[in-house]
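An overview of the molecular structure
Letter by letter, the chains look like this.
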Amino acid sequence: MSHDLPADRYLDREYSWVQFNQRVLELAEDDQIPLLERVRFLAIFASNFDEFFQVRIAGLVRRLAAGFPVQNAIGWTSEQLLENTLTEAGLLASRHAAIFADRIKPALTSQGIEILRWKELTGEERAGLTEMFKKSVYPVLTPLVVDPAHPFPFISGLSLNLAVTLVDPEEGVSMFARVKVPPLLPRFFNVGQYRYVPIEDVIAAHLGQLFGGMDIVETYVFRVTRVRELEVDEDVTENLLQAMERELVKRRFEPAVRLEVEQDMSQDVVGRLARELAVDENAINRLPWPLDLTGLNAIADLPIAPLKYPPFVPHTKAVPTDAPIFDTLDERDVLVHHPYDSFTTTVQRLVEEAAADPRVLAIKQTLYRTSGQSPIVDALIDAAEAGKQVVVVVEIKARFDEKANITWARKLEEAGCHVVYGFVGWKTHAKLMLIVRQAPDGTLRRYCHIGTGNYHPTTARLYEDFGLLTADPTVGEDVTDLFNHLTGYSRKIDYRRLLVAPEALRTGIVSRIDAQAELARAGRPAKIAFKCNAVVDEAVIDALYRASQDGVEVDLWIRGMCALKPGVPGLSETIRVRSILGRFLEHSRIYAFGTGDPDPEARSEIFLGSADMMHRNLDRRVESLVLVGDPGHSAKLRELLAMGMDDGTSSWWLGGDGTWTRHARDVDGAPLTDVQEFLIMDKSRGRLSDG
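Treat the numbers as computed from the prediction; the structure is a model and nothing was measured. (Residues numbered from 1 in each chain as written. Predicted model: local features only at pLDDT ≥ 70, side-chain atom pairs only at ≥ 80, totals over all residues. Heavy atoms only, no water.)

Another aspect to go through is the overall build of the protein chain. Across its full length, the protein chain carries 19 helices and 29 strands. Scored against the burial criterion, the 691 residues of the protein chain give a buried share of 57%. Residue pairs at least 24 apart in sequence account for 73% of intrachain contacts in the protein chain once pairs closer than 6 positions are excluded. When the accessible area of the protein chain is evaluated, it comes to approximately 28600 Å², of which 51% is carbon and sulfur surface. (Helix = DSSP H or I, 4+ residues; strand = E, 2+ residues; numbered from the N terminus. Buried < 20%, exposed > 50% of the residue type's maximum accessible area, 1.4 Å probe, protein only. Contact = heavy atoms within 4.5 Å. Areas by Shrake-Rupley, 256 points an atom, 1.4 Å probe, with all protein chains shown as cover.)

In structure tokens:
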């Protein structure tokens, strides 16, 4: 059949990102979720939105400032895209603040957790804070007055600030001053059992000490978001980026991309800030007190067990503990599912045993993001010091982790590890480990871990990810070739069990989509199911549309952005898109083709790995997906995909018009199945903690 695809077949990716955060907010609104976890979701939203403005909005603003058009799949101009995105983001920011003020703050108060204004404190509490202010806050404050001799100061990104209007009583002259809230001090001061006051209220109450002899007319809090220096929109090519940077330097353009102000700030002060910061009118958010709710993490961390998710202990039996891990892998592959399976007793154990095993000759590993105190890094250092060859491919530019990555990369080098920094212009995002070990008969065996998540013990308890541990010789050869590609710049693009970006991953996915469409046209059963963080790549989306037009059933379980329109007559009638958010960050990427029928003609394959269906992942990153070989593992993965898409599972459903609708209860009002809760309780995966 012909595949006519309409011009308006994509959803706007920026709006889709905003909607992802709307889903996070809906969790904060859900009174069935423990209260402090709802507080955490408000903090997560605030942090996500900061990143959105620093990266996505900043990318749009930089292009506009430099006169470069924004290329987007929905056909909008740069100005339309920016205005629409800022409008939608502003509405959501107001909703976020209202949820805290109207729902969460009263609920916290009812549980004895109070976030107070200065005027609500007792005299004794105020006296204690005044003493603390003198000792710990006053010495690090720098009041800056703006007058003809003192130009408007630079306002650093994401800093909290007080805008102060002063009058000199002798001269009658009005002045403007800015006081920066010190970022290293606590966001909330504890004044009693679960009684807190924000630092900016404490500073505002003591402004007389900063501006002696002046009358303080009005004081408001504001916050500015700027382009992050190390952050660039990864959808910008290097050449375009360099041209933009040259243009921006010429214009001395250092854009502020958002201004958050207290909602009762006078128009005079708002106008002054907007002029001085050259911020778009649509990027001014008037919000109720307090600003910067990322600080709510301190409240979410309170050790009040009844107000949090019940603790659980990850399952530790995925790999038998009575024999070396290599013995198990000699017999069979192991599929681990974090956080339900322990990271410590599987992936971390593999590295630690390899470091200690005298038969191990070499360890090669990619490190995109790991913790500052990393047992993985410690094991690699031990291995190098024991004389093993250790090669680590480090991604310095992992977003927000640059400093930590540079620190431990130096530690690795000092210990004698070979540290490679990947390719210029490409991030190394693949999650790979290769261990070369000599068997008793003298032959060399290769053991691999290929994962969907980073080698990070902390996030392994918070992110949902899969990992395949295998001694399969074909996978070992492929991973060896890929490491040689990364460290020796070989040009190999053909692999047997791997799909590797940027050379061949997109074409590998699209060809498999097309193969299912071919089966459907021949009247045979055909099925496609993806689980990933984002689907915005037009080539992949168009292939899925064509497959749907041919009758292929397509299920997409997407955590974040989705530019595909599901369920549109004549275009995508057989496509369903669902999203699941919860206690853990759904982070795994699984790509299943076929119905699972073992007949080779059914073309049933299932891949897992690091890649999302996004331009940057497919074109400018080294990503890898591995073909799952064990039929039992394939069946488990298909079972999980089916559960995520089941109508009885709590999830959000995407409509063809781009709106997401939450389905959390059945027709009788009973809660639908929570996938994460189910997997925690499943006796074969994990068990609830006793305490």
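Under the 1.5 Å per step criterion, the end-to-end length of helix α16 (residues 538-549) is 16 Å for 12 residues, consistent within 8% with the ideal 16 Å. α16 sits mainly inside the fold: 9 of its 12 residues count as buried. Buried residues of α16: Val-540, Ile-541, Asp-542, Ala-543, Leu-544, Tyr-545, Ala-547, Ser-548 and Gln-549, and no others. Turning to α16, the residues buried within the fold contact α15 (505-521), β20 (527-532), β21 (553-558), β22 (575-579) and α17 (615-619). Where α16 starts, the residue carrying a side-chain oxygen 3.3 Å from the main-chain nitrogen of Ala-539 turns out to be Asp-537. (Expected span 1.5 Å × (residues − 1). Polar contact = N/O pair within 3.5 Å; in protein donor to acceptor, adjacent residues only side chain to side chain.)

With that settled, the discussion passes to the sheet that holds strand β1 (residues 114-115). A sheet is described by the order of its strands in space; here 3 strands give the open sequence β1-β6-β5, paired in mixed fashion. The open sheet has two edge strands, β1 and β5 (188-192), and neither has a second partner. Against the sheet, helix α4 (residues 123-137) makes contact with β5 and β6 (195-198), and its axis sits at roughly 140° relative to β5, the strand it touches most. (Pairing = 2+ DSSP bridges. Axes fitted to C-alpha atoms, helices over the stretch in contact; angles between N-to-C directions.)

So, on to the pattern of salt bridges. With the rule as written, the count across this model stands at 35 salt bridges. Among the salt bridges present, the one from Arg-40 reaches Asp-301, with a minimum N-O distance of 2.8 Å. Here Arg-40 is found in helix α2 (residues 35-66), whereas its partner Asp-301 is found in the loop between α9 (297-300) and β10 (312-313), with 261 residues between them in sequence. Residue Arg-40 is classed as partly exposed on the basis of its relative accessible area, which comes to 22%. The partner of Glu-464 in a salt bridge is Lys-531, and the shortest N-O contact between them spans 2.9 Å. Of this pair, Glu-464 sits in strand β18 (residues 463-470) while Lys-531 sits in strand β20, and the two are 67 residues apart along the sequence. Lys-531 matches Glu-464 in its accessibility class, with the two residues each being buried. (Salt bridge = Lys/Arg side-chain N within 4 Å of Asp/Glu carboxyl O.)

Moving on to helix α14 (residues 473-488). With 16 residues, α14 ought to run about 22 Å at 1.5 Å a step, and its terminal C-alpha atoms sit 21 Å apart, in line with that. Those residues of α14 not exposed but buried are Val-475, Gly-476, Asp-478, Val-479, Thr-480, Leu-482, Phe-483, His-485 and Leu-486. N-cap assignment for α14: the residue whose side-chain oxygen lies 3.0 Å from the backbone N of Thr-474 is Asp-472.

With that out of the way, let us pick up the confidence of the model for the protein chain. A residue-level look at the protein chain finds 88% of positions with pLDDT of 70 or above and a mean pLDDT of 87. Long-range and interchain partners of residues 229-238, a stretch whose pLDDT sits below 50, account for 29 contacts in this model, where long-range means more than four residues apart. Below pLDDT 50 for its whole length, residues 683-691 participates in 25 contacts with residues either more than four positions away or in separate chains. (pLDDT = per-residue confidence, 0-100.)

On to the environment of Gly-508. Within the element layout of this structure, Gly-508 appears in helix α15. Judged by its relative accessible area of 6%, Gly-508 falls in the buried class. Along the chain, Gly-508 and Leu-498 lie 10 residues apart, while their C-alpha atoms are 9.7 Å from each other.

Moving on to the state of the cysteines. Scanning all chains against the criterion turns up 0 disulfides. With no disulfide of its own, Cys-562 lies closest to Cys-532 among cysteine sulfurs, the gap being 8.4 Å. Accessibility expressed as a relative area gives 1% for Cys-562, which makes it buried. (Disulfide = S-S within 2.5 Å.)

So, about a negative patch on the surface. Together, Glu-352, Asp-378, Asp-382 and Glu-385 line one region of the surface with negative charge. Mapped onto the elements of the fold, Glu-385 is located in helix α12 (residues 375-385). A relative accessible area of 57% places Glu-385 in the exposed class. (Patch = residues over 30% accessible without salt bridge, like charges linked within 9 Å, V, L, I, M, F, W, Y side chains within 5 Å. Lys, Arg positive; Asp, Glu negative; His and termini not counted. Charge placed at Lys NZ, Arg CZ, Asp CG, Glu CD.)

As summarised here, the arrangement of the 6 strands in space is β2-β4-β3-β7-β8-β9, forming an open sheet in which the pairing is mixed. In this open sheet, the two strands that pair with only one neighbour each are β2 (143-146) and β9 (284-287). Taking the axes of each pair of neighbouring strands and ignoring which way they run, one obtains an average angle of 30° across the sheet. Where β2 meets strand β4 (residues 174-180), 4 bridges bridge the pair, whose relative direction is antiparallel. Considered in β4, the bridge of Val-146 is made with Phe-176.

On to the pairing of strand β25 (residues 605-609). Counting buried residues along β25, 4 of its 5 residues qualify, which places the element largely inside the surrounding structure. When strand β24 (residues 589-593) meets β25, the two strands line up antiparallel, connected through 5 bridges. In the sheet register, Tyr-591 faces β25, and the bridge partner there is Phe-607. Here β25 pairs with strand β26 (residues 621-627) via 3 bridges, running antiparallel. Note that in β26 the partner of Phe-607 across the bridge is Leu-627.

With that settled, the discussion passes to the pairing of β24. Along β24, 5 of the 5 residues are buried, which leaves the element largely enclosed by surrounding structure. Burial along β24 is two-sided: the face carrying Arg-589, Tyr-591 and Phe-593 and the face carrying Ile-590 and Ala-592 are both buried. As defined by bridge partners, β20 adjoins β24 across 4 bridges and the pair is classed as antiparallel. The residue bridging Phe-530 from the neighbouring strand is Tyr-591, located in β24.

Our focus in this paragraph is the packing of aromatic side chains. A full pass over the atoms with the stated rule returns 13 aromatic pairs. Measuring from centroid to centroid gives 5.8 Å for Phe-530 and Phe-593, while their planes differ by 75°, and the two rings are edge-to-face. Of this pair, Phe-530 sits in strand β20 while Phe-593 sits in strand β24, and the two are 63 residues apart along the sequence. Aromatic rings pair up to connect Trp-17, Phe-20, Phe-45, Phe-49, Phe-52 and Phe-53 into one cluster. The aromatic ring of Phe-53 is capped on one face by Arg-258, whose charged end is 4.5 Å from the ring centroid. (Phe/Tyr/Trp six-rings, centres within 6.5 Å; stacked < 30°, edge-to-face > 60°. Lys NZ or Arg CZ within 6 Å of the ring centre and 35° of its normal.)

Time to look at the packing of helix α11 (residues 344-356) against α12. Remark: α11 packs on α12, axes separated minimally by 8 Å, with the N-to-C direction vectors making an angle of 15°. One way to sum up the angle between α11 and α12 is to call them roughly parallel. Judged by the twist between their axes, the crossing of α11 over α12 is left-handed. Counting all contacts with α11, which are made through Gln-348, Val-351, Glu-352 and Ala-355, the residues of α12 involved are Pro-375, Ile-376, Ala-379, Leu-380, Asp-382 and Ala-383. Looking at side-chain class alone, the contact of α11 with α12 contains 7 nonpolar, 1 polar and 2 charged residues. (Parallel < 35°, antiparallel > 145°, perpendicular 65-115°, else oblique. Left-handed = near helix turned anticlockwise from the far one by under 90°. Nonpolar A, V, L, I, M, F, W, Y, C, P; charged D, E, K, R; others polar.)

Bringing the packing of α15 against α16 into the picture now. Put simply, α15 and α16 touch, their axes get as near as 9 Å, and they point 5° apart. Between α15 and α16, the interaxial angle falls into the category roughly parallel. For the pair α15 and α16, the contacting residues are Arg-506, Val-510, Ile-513, Asp-514 and Ala-517 in the first and Ala-539, Val-540, Ala-543, Leu-544, Arg-546 and Ala-547 in the second. Looking at the contact of α15 with α16, its residues break down into 8 nonpolar, no polar and 3 charged.

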